[in-house]
Amino acid sequence: MEEASLSSWTAVGLSAAVSPGTACRALVGDHDLVIWRGRDRQVRVWENRCPHRGMRLSYGFVRGDRLTCCYHGWTYDGEGACTLIPARPDLAPPKAVRIGQYARAEHAGIIWAASGSIGMEAPSFPGDWIGCRSIAIDRPREEVDSHFASGRFILSHPDQHGEINRIACAPSLNGDGVHRIELHDSHLFEAVLCAGQPVSGTQTMLHVSVRPRGAAGKHGEALRHVSDWLKEVRTLVENRRAGIRTLGVPRARLPHILERDHGPG
Amino acid sequence: MKLYDYVLSGNCYKIRLLVRFLEIECEIVAVDFYPGREHKSAAFLGINPLGQIPVLEDDGLVIRDAQAILLYLANKYDGHGRWWPSGDPRLVGEVTMWLVFADRITATSSAARMHDVLGYDLDVGAARAGARSVFRVLEDHLTDREFGGHEWIAGPAPTIADIACFPYTALAHDGGIDLSPWPAIRRWLRRFTNLPGFFTMPGIDHIRR
Ligand SMILES: N[C@@H](CCC(=O)N[C@@H](CS)C(=O)NCC(=O)O)C(=O)O
Ligand code: FES
């Protein structure tokens with residue numbers, strides 16, 4: 001797979017998936033990350049390894065604005081500095097015990113991470129986005145990207161008259177695995193943002209947000225519509241490699257995606 | 001009432017959970033599953049010819065299969081019909097569908113765990129791949145449920161379908177299956193561990209969040 005170096009901003013989860021007081025794990029190639037959010041609502045992305053005996057910190061628990069390792073209870077503050085070693089309450093934890101940090105940003109309903117240099121400009125997608133879902137696709141990210149770039153995915157959406165329109169997906173913005181689809185005449189949503197996390201040589205997580213149109217009461221419908229479309233995207237990407245032809249499937253079973261007959265590949 | 005039980009069995013744990021949720025009395029009979037293989041002894045095969053646990057004995061009735069036992073206990077002892085909403089045909093259909101689905105989780109995720117934890121000789125790659133396709137179905141379902149504002153597998157409240165699907169999903173990591181690709185599943189697990197009366201079994205993390 002491509003070098004998953006986290007050298008550019010990479011989506012690692014939906015903001016809503018890491019609620020205050022919880023921790024979870026994300027993989028980006030060889031990078032094993034713990035993502036957690038304290039009661040202060042700040043999200044942190046760290047190396048998923050306790051400096052004590054190497055336990056995954058994603059098994060740990062959050063109390064207030066601290067993360068505690070579930071193995072022997074070493075506790076870390078929001079900057080990754082150890083503040084407590086329960087077996088040695090008399091000992092001030094050595095300053096050197098500090099967990100490796102990743103740069104992180106929250107934008108468009110998505111948590112982004114990058115290694116090192118804070119100088120990088122954080123991702124920016126104007127407007128009010130809400131997280132839809134994350135979906136695992138059992139193919140490497142470059143394969144998912146090339147499907148998007150080919151314009152092969154068609155997103156259907158109803159306009160205000162209930163007419164179904166179909167739009168070919170826009171190519172990736174800059175080859176960083178982020179795809180934005182703008183819809184001008186849908187009454188459900190204005191835009192869909194799909195950000196790929198290269199988990200491994202065989203798996204991608206797509207983190208997807210939408211800019212819904214209309215009243216909040218309608219948002220559920222928009223999210224479900226996009227989620228159904230994503231399931232079809234997953235089927236299409238995975239079946240292509242397996243040589244299963246999607247074209248033969250009755251249209252009623254695949255309401256959103258049509259394959260263009262002239263698409264490359 | 002007697003439950004033939006093994007501490008490390010997720011299927012037996014389903015029954016112990018419902019017994020606790022319904023606050024009923026039940027005697028626990030420990031079966032030496034590993035290493036004793038007592039479930040394959042002549043005496044035990046007399047109780048369950050399939051040589052499997054859990055088995056429940058109540059009033060001279062012998063029932064095997066965790067899902068069947070859940071149905072029996074909920075019908076008999078859940079006066080409110082909370083865990084088995086028998087008055088609503090739609091819910092009966094849905095809950096039953098997910099009860100049957102739970103056995104697929106056992107066949108895949110539990111098999112991978114038997115290999116990793118108890119050294120069973122089986123194709124662990126196939127078991128893990130099977131578990132991943134089963135969890136994908138559960139993830140898509142729970143995602144849709146959340147869009148509709150629902151937190152449980154079927155209906156407005158937890159049912160025996162949630163109990164049946166919980167143990168071998170929560171124990172997946174014991175079989176080398178990482179749950180990070182399925183965020184809706186992880187949220188549902190967390191909700192389950194926060195149910196009043198919930199208690200854990202070895203391998204299931206219970207930190208109140
Ligand atoms: N469908 C049964 C499966 C029970 C099952 O697999 N039990 C395991 C222990 S968790 C067992 O007894 N395995 C031994 C065997 O199948 O030979 C149920 O849901 O109760
Ligand atoms: S490994 Fe984390 S506290 Fe010991």
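Residues numbered from 1 in each chain as written. Chains lettered and ligands numbered in written order. Predicted model: local features only at pLDDT ≥ 70, side-chain atom pairs only at ≥ 80, totals over all residues. Heavy atoms only, no water.

Details of the domain arrangement of chain A
All names here are of chain A. Keep this limit in mind: Where each domain begins and ends is defined by an automated method or by a domain database. Two residues qualify as a contact provided that any one of their heavy atoms is within 4.5 Å of a heavy atom in the partner residue. Accessible-area loss on putting two parts together, using a 1.4 Å probe and summing over both, is the definition of buried area adopted here. A pair is scored as a salt bridge if a Lys or Arg side-chain nitrogen falls within 4 Å of a carboxyl oxygen belonging to Asp or Glu. Each polar contact in these results corresponds to two N or O atoms within 3.5 Å; when the atoms are within protein, one needs to be able to donate a hydrogen and the other to accept it, and residues that are neighboring in sequence are counted only if both atoms are side-chain atoms. Under the scheme applied, nonpolar residues are Ala, Val, Leu, Ile, Met, Phe, Trp, Tyr, Cys and Pro; charged residues are Asp, Glu, Lys and Arg; polar residues are all the others, including Gly.
The domain architecture assigned to chain A consists of domain 1 (10–114) and domain 2 (130–261). Taken together, the contact between domain 1 and domain 2 spans 13 residues of the former and 15 residues of the latter. Interface of domain 1 and domain 2: buried area, both sides summed, is about 920 Å²; carbon and sulfur atoms make up 65% of it. On inspection of domain 1 and its partner domain 2, the count reaches zero salt bridges. At the boundary of domain 1 and domain 2, one finds five residue pairs in polar contact (both at pLDDT 80 or more). A class-by-class count of the residues in the side of domain 1 that touches domain 2 yields nine nonpolar, four polar and no charged.

Focus on the packing of helix 3 (residues 66–77) of chain B against helix 6 (residues 160–170) of chain B
Residues and elements named next belong to chain B. What counts is decided by this rule: Inter-axis angles, ranging from 0 to 180 degrees, are taken between N-to-C directions of lines fitted to C-alpha atoms, where helices are fitted over the stretch in contact. A run of H or I in DSSP counts as a helix once it spans at least four residues, and a run of E counts as a strand once it spans at least two, with each numbered from the N terminus. Between 65 and 115 degrees an angle is taken as roughly perpendicular, under 35 as roughly parallel, over 145 as roughly antiparallel, and anywhere else as oblique. Handedness of a helix crossing follows the sense of rotation of the near helix relative to the far helix, less than a right angle counterclockwise being left-handed and clockwise being right-handed.
Two numbers describe how helix 3 lies on helix 6: the axes approach to 10 Å, and their chain directions differ by 150 degrees. Relative to helix 6, the element helix 3 lies roughly antiparallel. In this structure, helix 3 meets helix 6 at a crossing whose hand is right-handed. Two secondary-structure elements touch here, helix 3 through Gln-67, Leu-70, Leu-71 and Ala-74 and helix 6 through Ile-160, Ile-163 and Ala-164. The residue makeup of the contact of helix 3 with helix 6, split by class, is six nonpolar, one polar and no charged.

As for the site of ligand 1
Residue and element names in this part refer to chain B. Quick reminder of the rule: What makes a residue near a molecule or strand is one non-hydrogen atom of that residue sitting within 4 Å of it. The protein chains shown are the only cover counted for residues, whose accessible areas, like all others here, come from Shrake-Rupley with a 1.4 Å probe.
Among the 14 residues in the neighbourhood of ligand 1, the closest are listed as Lys-40, Gln-52, Ile-53, Asp-65 and Ala-66. One nitrogen or oxygen atom from the side chain of Gln-52 is found 2.8 Å from an oxygen atom belonging to ligand 1. Residue Ile-53 places a main-chain N or O atom 2.8 Å away from a nitrogen atom belonging to ligand 1. Contact with the protein chains hides 85% of the accessible area of ligand 1, taken as 500 Å² for the molecule alone. By residue class, the composition of the shell around ligand 1 is five nonpolar, six polar and three charged.

With respect to the packing of aromatic side chains
Residues and elements named next belong to chain B. Our working rule: Two aromatic rings from Phe, Tyr or Trp, using only the six-membered ring of Trp, form a pair when their centres are within 6.5 Å; if the ring planes differ by under 30 degrees the pair is stacked, by over 60 it is edge-to-face, and anything between is tilted. Classification of residues uses two cut-offs on accessible area relative to the type maximum, computed with a 1.4 Å probe and protein chains only: under 20% is buried, over 50% is exposed, and between them is partly exposed.
Enumeration over the complete set of coordinates arrives at 14 aromatic pairs over all chains. Measuring from centroid to centroid gives 4.7 Å for Trp-98 and Phe-101, while their planes differ by 65 degrees, and the two rings are edge-to-face. Of this pair, Trp-98 and Phe-101 both sit in helix 4 (residues 89–118), three residues apart, which is roughly one turn of that helix. Overall, the relative accessible area of 6% leaves Trp-98 in the buried class. Aromatic pair Phe-166 and Trp-188: ring centres 6.4 Å apart, planes at 70 degrees, arrangement edge-to-face. Placement of Phe-166 in helix 6 and of Trp-188 in helix 7 (residues 183–193) is noted, with a sequence separation of 22 residues between them.

Points about the sheet that holds strand 2 (residues 22–28) of chain A
All names here are of chain A. Rule in force here: Two strands are counted as paired when DSSP detects at least two bridges linking them.
On the basis of which strands lie adjacent, the open sheet formed by three strands has the order 2-3-4 and antiparallel pairing. Both outer strands of the open sheet, strand 2 and strand 4 (43–47), are each paired with one neighbouring strand and no more. Sheet twist, expressed as the mean angle between neighbouring strand axes with direction ignored, is 25 degrees. The pairing of strand 2 with strand 3 (residues 31–37) spans seven bridges and is antiparallel. Bridging across to strand 3, Cys-24 finds its partner in Ile-35.

Here's the deal with the side chain of Glu238(A)
Here Glu238(A) shows up in helix 2 (residues 219–242). Classification of Glu238(A) by relative accessible area gives buried; the value is 12%. Polar side-chain contacts of Glu238(A) include one of 2.7 Å to the side chain of Arg136(B). For Glu238(A), the residues in contact, after removing those within four places along its chain, are Ala136(A), Ile137(A), Asp138(A), Arg139(A) and Arg136(B).

Overview of the pairing of strand 10 (residues 110–115) of chain A
Residues and elements named next belong to chain A. Of all six residues that make up strand 10, five are buried, and the element is covered over most of its length. Note that strand 9 (residues 102–107) and strand 10 share six bridges and pair antiparallel. Residue pairing for strand 10: Arg-104 is matched across the bridge by Ala-113. Between strand 9 and strand 10, which pair antiparallel and follow one another directly, the connecting turn spans two residues, one of which, Ala-108, has a positive phi of 60 degrees.

Regarding the nonpolar core
Heads up, the rule is: As used in this record, nonpolar core signifies buried Ala, Val, Leu, Ile, Met, Phe, Trp, Tyr and Cys residues forming a set joined through side-chain atoms within 4.5 Å.
Of all hydrophobic cores here, the largest spans 62 residues; its most connected members are Ile160(B), Phe166(B) and Trp188(B). Per element, the largest residue contribution to this core is nine residues, and it comes from helix 4 of chain B. Split by domain, this core shows at least three residues from each of two domains, domain 1 (2–77) and domain 2 (89–197) of chain B. With residues up to four places along the chain from it excluded, the contact list for Ile160(B) reads Leu18(B), Leu70(B), Leu71(B), Ala74(B), Trp83(B), Trp84(B), Val95(B) and Leu99(B). Judged by nonpolar contacts, the second largest core, of 25 residues, contains Leu183(A), Cys194(A), Leu206(A) and Leu230(A).

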